[in-house]
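# Breakdown of the fold
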Amino acid sequence: VVIAVTGPTDSLVTTTTGVAVSAISVSATTTGDASTAASLEYQWYKKVVGTDVAFVTIDGATSATLPASNIDVASTGTTIYYCRVSATGDGVSADPVASKQVTVVVA
């Protein structure tokens with residue numbers, strides 16, 4: 001099975017402190033043998049720029065859309081988000097695929 005991920009459409013989003021941004025979404029499809037048995041699984045990650053912390057999972061962010069409530073706009077700074085898509089199912093073997101990254105800048 002091969003996973004194809006498109007999106008998010010914007011690679012840079014800017015806002016001001018406390019002003020919510022739109023949800024971020026990806027779209028994923030599978031092709032190949034056993035693709036009809038494949039169930040897609042999503043996990044969103046984030047990294048705060050300027051820290052030594054690597055990308056960390058966002059608890060509960062396991063769908064194709066990262067809700068605006070999961071995007072931190074409480075304080076100034078830059079955070080990078082992306083989604084990792086994997087496939088599971090009977091006879092399904094697929095390498096996970098990462099979406100494009102979105103950089104959210106809060107000024």
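Further up the page is the structure itself.
Given the structure is predicted, the values throughout are model-derived calculations rather than measurements. (Residues numbered from 1 in each chain as written. Predicted model: local features only at pLDDT ≥ 70, side-chain atom pairs only at ≥ 80, totals over all residues. Heavy atoms only, no water.)

Note that the residue after Gly7, namely Pro8, is joined by a cis bond; omega there is -5°. Here Pro8 lies in the loop between strand S1 (2-6) and strand S2 (12-15). Its identity is not glycine, yet Ala34 carries a phi of approximately 70°, on the positive side. Looking at the element boundaries, Ala34 is found in the loop between strand S4 (27-31) and strand S5 (39-48). What makes Ala34 partly exposed here is its relative accessible area of 27%. (Helix = DSSP H or I, 4+ residues; strand = E, 2+ residues; numbered from the N terminus. Buried < 20%, exposed > 50% of the residue type's maximum accessible area, 1.4 Å probe, protein only.)

Right, let's get into the pairing of strand S8 (residues 77-88). Bridge analysis of S5 against S8 gives ten bridges, and the strand direction is antiparallel. Bridge assignment links Lys47 to a residue of S8, and that residue is Ile80. Note: S8 against strand S10 (residues 102-106), five bridges, orientation antiparallel. The residue bridging Thr79 from the neighbouring strand is Val104, located in S10. Direction of pairing for S8 relative to strand S9 (residues 97-98): antiparallel, over a ladder of two bridges. By the bridge assignment for S9, Arg84 is matched with Ala98. (Pairing = 2+ DSSP bridges.)

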